[in-house]
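# Residue-level structure breakdown
Residues per chain are reported as follows:
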Amino acid sequence: MATLNDIGVAAAINILTAFAFFLAFAMLRIQPVNDRVYFPKWYIKGLRSSPLVNGSAFASKFVNLDLRSYTRFLNWMPAALQMPEPELIDHAGLDSAVYLRIYLLGLKIFGPIALIAFTVTIPVNWSNNTLEHSGLTYSDIDKTSISNIPIGSHKFWTHLVLAYCFTFWTCYVLKREYEIVAAMRLHFLASDQRRPDQFTVLVRNVPPDPDESVTDLVQHFFLVNHPHHYLSHQLVYDANKLSELVNEKKKIQNWLDFYQNKYKRNPLKRPSLKTGFLGLWGNRVDAIDFYTSIVERLSRDICGEREKVNSNTKSIMPAAFVSFKTRWGAAVCAQTQQSRNPTTWLTEWAPEPRDVYWENLAIPFVFLTIRRLIAAVAFFFLTFFFMIPIAIVQSLANIESIEKALPFLKPIIEVKFIKSFIQGFLPGIALKIFLLLLPTILMMMSKFEGFISLSALERRSASRYYFFQFINVFFGSIITGTAFLQLNHFIHQSTSQIPKTIGVSIPMKATFFITYIMVDGWAGVAGEILRLKPLIIYHLKNSFLVKTEKDREEAMDPGTVGFNTGEPQIQLYFLLGLVYAVVTPILLPFITVFFALAYVVYRHQIINVYHQEYESAAAFWPDVHVRVVAALIVSQLLLMGLLSTKEASQSTPLLITLPVLTICFHRFCKGRYEPAFVRYPLQEAMMKDTLERAKEANLNLKGFLQNAYIHPVFKSADGSDSESESEWERSPALVATKRTSKRFTPMPSKDGGSLLSLDQVNDECLKP
């Protein structure tokens, strides 16, 4: 069992590792050759130019020769904290700013809790000698836990009172933060920036009609049921195959540009290549002619596929993006039932254009339930079969188990430093390695389920990642770790005593989680800012794969902050902190340090590195709130079970009240603040519409929305609408329909239609 000295060695290793990462980052980030790696966001915004072309001396283009800059190696920390939050929202978006508030939430919750726990709980726990006479394997750290309190002791009232205090404080901070984020979201949505998703609704499951096409059916339905607000619509096409051809053409065109540029630099020699695998074998041909022929073939295939999409009615999905003349009209449509049959004409807010995941729009709506059932079953088996490697990892935390399995290693393992390394560092990093592939698997499952936006995909993956860690990393580590640690004690005691032994051992499992927090939290966060992997990949690409300036831009693509992995990882620390706050509070400082360090690091990364692909206006915050509440309830239930093994039955009625109060608190927050994240108030929409009409009476809204929801593979065609007439004063027109039952419309309607037809798109294919 790890001792205080072992934890000290592990802490020293991780602190030195983190400091080494920070020092390396400070040295690498000021080198001109690494500028695109550590400040890519400013390049994307066009606010920074490469220092490689500005230096007066050749060496200064690649190495920073200013020796004074090396002495200020930690100046990035105050710089990361200087940007005010409103400016941060303008710079990085509301999603990124609110994501940082999750770390602040952790600091606000655990800072005061850690102070109280160290002042009150640890002295109460330490002043006993129960573990010395228990026959269990324990360490000095375990003597600071509730396991060291004698059975039936009156000292358990201290833990009961602190459980109430910690619950009330956590709920207060959660409510306050929910209120702030909800206000930030409403203010952001009411800002002056006009966005296409404010006017657009996605309608799905359009019922088939033998007399009308989908486009006529959609137009007729909305002109009749939303006559004063309907503007236009864009059909959803199954263009996945076309998208694959377009992406392939882009790659080949990039190679063609590379060889053409190479020929321009040396016109005396035509570039050539071998047609075999990776150019290692095969016939040698002219590179420019070779790639030109492939581009021409792909262009013909693209035009043919476009024509197929245009002419084949099966390529048209029973769905459309419907745009309205006002935010008020879009809000009414998105938040109401459209027809008598609640399974048809299903409407929801359209994602932001950058947020649309186009591949899943081609999935028929009726298949989504089946897909999600298959994904749920697959996730179930993935979660519970992963317990096997978790058990193996936990065995590494027990020196005795290793020595029994591999006795020839005993002389080496018993070396003090190696023993401390195994127990204080190896289990955490081994568990981290096992979890590396998990986010990719969960994202693939979310895509299979058919979610239509990147934000929904990430939120779904985050939800499953958190549940996976809750079952495997938290409960799996406790159960398997306890079994390995107290195996001998289990064998030689009566069956009735086993629950009590587990109850005593759960608080003692804090040692493993302390090492995990140091490895994943401290060293992991420091490694995040170093960006060693992106640094190596960028220079490898820049040396061997970059052929054009477009390649260089793609090589420095920083990606996003990774909500699908980052948020559930943060939630694991909330769970650990709340569970062990009362029973083993020595874990709290390690979590507090993590939140403080991660806040500074990720603030720097969001300002300088990560570029968010979409903006959901902090739609993920209800998920953050409910997971912290769930962690709070779990901590209360575990404390209740733990005290029952300590024969503190008089505390049970009082502890039952805590989960009830917490659930009531959650229901209050859900009813008071969550509507701001799922609905758009009509009052806000009307105010914004009125203000916009007063400022821009002649706004060409149709022109603004024209290309917003066109599939990216169709945007190469020029489909701009030259219409300059105000959309607020269009003359009424009758509804065009082929159906005899609706040939006469009972009221005047205004002309709408598709934002951009595929006939316009196909004009590009007719160009020579």
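Note that the structure is a prediction, hence the values are computed from the model and not measured.

Cut-offs used in this document
- Residues numbered from 1 in each chain as written.
- Predicted model: local features only at pLDDT ≥ 70, side-chain atom pairs only at ≥ 80, totals over all residues.
- Heavy atoms only, no water.
- Helix = DSSP H or I, 4+ residues; strand = E, 2+ residues; numbered from the N terminus.
- Buried < 20%, exposed > 50% of the residue type's maximum accessible area, 1.4 Å probe, protein only.
- Contact = heavy atoms within 4.5 Å.
- Areas by Shrake-Rupley, 256 points an atom, 1.4 Å probe, with all protein chains shown as cover.
- pLDDT = per-residue confidence, 0-100.
- Phe/Tyr/Trp six-rings, centres within 6.5 Å; stacked < 30°, edge-to-face > 60°.
- Lys NZ or Arg CZ within 6 Å of the ring centre and 35° of its normal.
- Axes fitted to C-alpha atoms, helices over the stretch in contact; angles between N-to-C directions.
- Parallel < 35°, antiparallel > 145°, perpendicular 65-115°, else oblique.
- Left-handed = near helix turned anticlockwise from the far one by under 90°.
- Nonpolar A, V, L, I, M, F, W, Y, C, P; charged D, E, K, R; others polar.
- Pairing = 2+ DSSP bridges.
- Expected span 1.5 Å × (residues − 1).
- Bend = angle between axes of the 7 residues up to and from the residue.
- Patch = residues over 30% accessible without salt bridge, like charges linked within 9 Å, V, L, I, M, F, W, Y side chains within 5 Å.
- Salt bridge = Lys/Arg side-chain N within 4 Å of Asp/Glu carboxyl O.
- Lys, Arg positive; Asp, Glu negative; His and termini not counted.
- Charge placed at Lys NZ, Arg CZ, Asp CG, Glu CD.
- Polar contact = N/O pair within 3.5 Å; in protein donor to acceptor, adjacent residues only side chain to side chain.

### Looking at the overall build of the chain
When you go through the chain residue by residue, the secondary structure sums to 34 helices and eight strands. Expressed as a percentage of the 768 residues in the chain, the buried residues total 52%. Once local pairs closer than 6 in sequence are excluded, the contacts in the chain between residues at least 24 apart make up 81%. Just so you have it, the chain exposes about 35300 Å², and 63% of that area is on carbon and sulfur atoms.

### A closer look at the confidence of the model for the chain
Residues of the chain with pLDDT of at least 70 account for 77%, and the chain-wide mean is 80. Taken together, the stretch residues 717–764 has pLDDT below 50 and engages in 99 contacts with residues farther than four places along the chain or on a different chain.

### Side note on the packing of aromatic side chains
Considering all chains together, one arrives at 42 aromatic pairs under this definition. Geometrically, the ring pair formed by Phe-221 and Trp-345 is stacked, given 3.9 Å between the ring centres and 5° between the ring planes. Taken together, the residues span a long stretch of sequence, with Phe-221 in helix α9 (residues 214–225) and Trp-345 in the loop between α12 (327–334) and β6 (346–349) at a distance of 124 residues. Of note, Arg-48 hangs over the ring of Phe-39, and the distance from its end group to the ring centre comes to 4.1 Å. One cation-aromatic arrangement involves Arg-270 over Tyr-263; the distance from NZ or CZ to the ring centre is 5.0 Å.

### Some points on the packing of helix α7 (residues 94–126) against helix α27 (residues 563–583)
Put simply, α7 and α27 touch, their axes get as near as 9 Å, and they point 20° apart. Comparing the axis directions of α7 and α27 gives the class roughly parallel. For the crossing formed where α7 meets α27, the hand is left-handed. Contacts between α7 and α27 involve Tyr-99, Ile-102, Tyr-103, Leu-105, Gly-106, Ile-109, Phe-110, Ile-113, Ala-117, Thr-121 and Asn-125 from the first element and Phe-563, Gly-566, Glu-567, Ile-570, Tyr-573, Phe-574, Gly-577, Leu-578, Ala-581, Val-582 and Val-583 from the second. A class-by-class count of the residues in the contact of α7 with α27 yields 16 nonpolar, five polar and one charged.

### Thoughts on the sheet that holds strand β2 (residues 230–237)
Taken together, the four strands give an open sheet; going across it, the order is β2-β5-β1-β6, and neighbouring strands pair in antiparallel fashion. Strands at the two margins of the open sheet, each flanked by one partner only, are β2 and β6. The mean inter-strand angle of the sheet, taken between neighbouring strand axes irrespective of direction, is 30°. Pairing between β2 and strand β5 (residues 316–324): six bridges, direction antiparallel. In the sheet register, His-233 faces β5, and the bridge partner there is Val-322. Contacts from α12 reach β1 (200–204), β5 and β6, with the element oriented near 130° to β6.

### A look at α7
At 3.6 residues per turn, the α-helix brings residues three or four places apart onto the same side. Here α7 contains 33 residues, and its C-alpha end-to-end distance of 46 Å stays within 8% of the 48 Å for a straight helix at 1.5 Å per residue. Roughly 40° is the biggest bend found in α7, and it falls at Ala-117.

### A few points about α9
The first and last C-alpha atoms of α9 sit 16 Å apart over twelve residues, in line with the 16 Å expected at 1.5 Å per residue. Taken residue by residue, α9 has Leu-217, Val-218, Gln-219, His-220, Phe-221, Phe-222 and Leu-223 as its buried positions.

### Some words on a negative patch on the surface
A cluster of acidic residues, Glu-553, Glu-554, Asp-557 and Glu-613, forms a negative patch at the surface. With respect to the helices and strands, Glu-613 occurs in the loop between α28 (588–608) and α29 (621–645).

### Here's the deal with a nonpolar patch on the surface
Nonpolar side chains collect at one region of the surface, where Leu-373, Val-377, Phe-380, Phe-381, Phe-384, Phe-385 and Ile-388 lie side by side and expose about 730 Å² of accessible area between them. With six residues, the single largest contributor to the nonpolar patch is helix α14 (residues 368–385). Looking at the secondary structure, you find Leu-373 in helix α14. On the accessibility criterion, Leu-373 (57% relative accessible area) is exposed.

### Observations concerning the packing of helix α8 (residues 156–189) against helix α30 (residues 652–672)
Where α8 contacts α30, the axes come no closer than 11 Å and their chain directions differ by 0°. Put simply, α8 runs roughly parallel to α30. Between α8, through Trp-157, Leu-160, Ala-163, Tyr-164, Thr-167, Phe-168, Cys-171, Leu-174, Lys-175 and Tyr-178, and α30, the contact on the second element is made entirely by Leu-654, Leu-655, Thr-657, Leu-658, Leu-661, Thr-662, Phe-665, Phe-668 and Cys-669. Taken together, the residues of the contact of α8 with α30 break down into 15 nonpolar, three polar and one charged.

### Some details on the side chain of Asn-472
Relative to the assigned elements, Asn-472 resides in helix α21 (residues 454–485). A relative accessible area of 0% means that Asn-472 is categorised as buried. Separated by 2.9 Å, the side chain of Asn-472 and the backbone oxygen of Thr-383 make a polar contact.

### A look at a positive patch on the surface
There is a patch of like positive charges on the surface, built from Lys-262, Arg-265, Lys-269, Lys-274 and Arg-284. For Lys-262, the location among the structural elements is in helix α10 (residues 240–265). By relative accessible area, which is 40% here, Lys-262 ends up partly exposed.

### Details of the environment of Arg-195
For Arg-195, the position within the fold is in the loop between α8 and β1. Here Arg-195 falls in the buried class, since its relative accessible area comes to 9%. For the pair Arg-195 and Ala-708, spaced 513 residues apart in the sequence, the C-alpha separation amounts to 9.4 Å. For Arg-195, the contacting residues outside a window of four places in its chain are Phe-188, Leu-189 and Phe-704. Here Asp-197 takes part through its side chain, which lies 2.7 Å from a polar atom of the side chain of Arg-195.

### Some points on unusual backbone geometry
A positive phi is found at Asn-205, a non-glycine position, where the angle reads about 60°. With respect to the helices and strands, Asn-205 occurs in the loop between β1 and α9. Classification of Asn-205 by relative accessible area gives buried; the value is 18%. At Ala-617, a residue that is not glycine, the phi angle is positive and equals roughly 55°. What makes Ala-617 buried here is its relative accessible area of 1%.

### So, the pairing of β5
Counting buried residues along β5, seven of its nine residues qualify, which places the element largely inside the surrounding structure. Relative to β5, β1 runs antiparallel, the two being bridged by five bridges. Residue pairing across strands places Arg-204 opposite Ala-319, the latter belonging to β5.

### Some remarks on the environment of Pro-534
Here Pro-534 is to be found in helix α25 (residues 532–545). Along the chain, Pro-534 and Asp-557 lie 23 residues apart, while their C-alpha atoms are 9.2 Å from each other.

### Describing the pattern of salt bridges
Inspection of every chain in the model, using the stated rule, returns 19 salt bridges. The shortest N-O distance in the salt bridge between Glu-85 and Arg-101 comes to 3.0 Å. Taken together, the residues span a long stretch of sequence, with Glu-85 in helix α6 (residues 85–92) and Arg-101 in helix α7 at a distance of 16 residues. Look at the salt bridges and you will find they share partners, linking Arg-194, Arg-327, Asp-689, Glu-692 and Glu-696 into a network.

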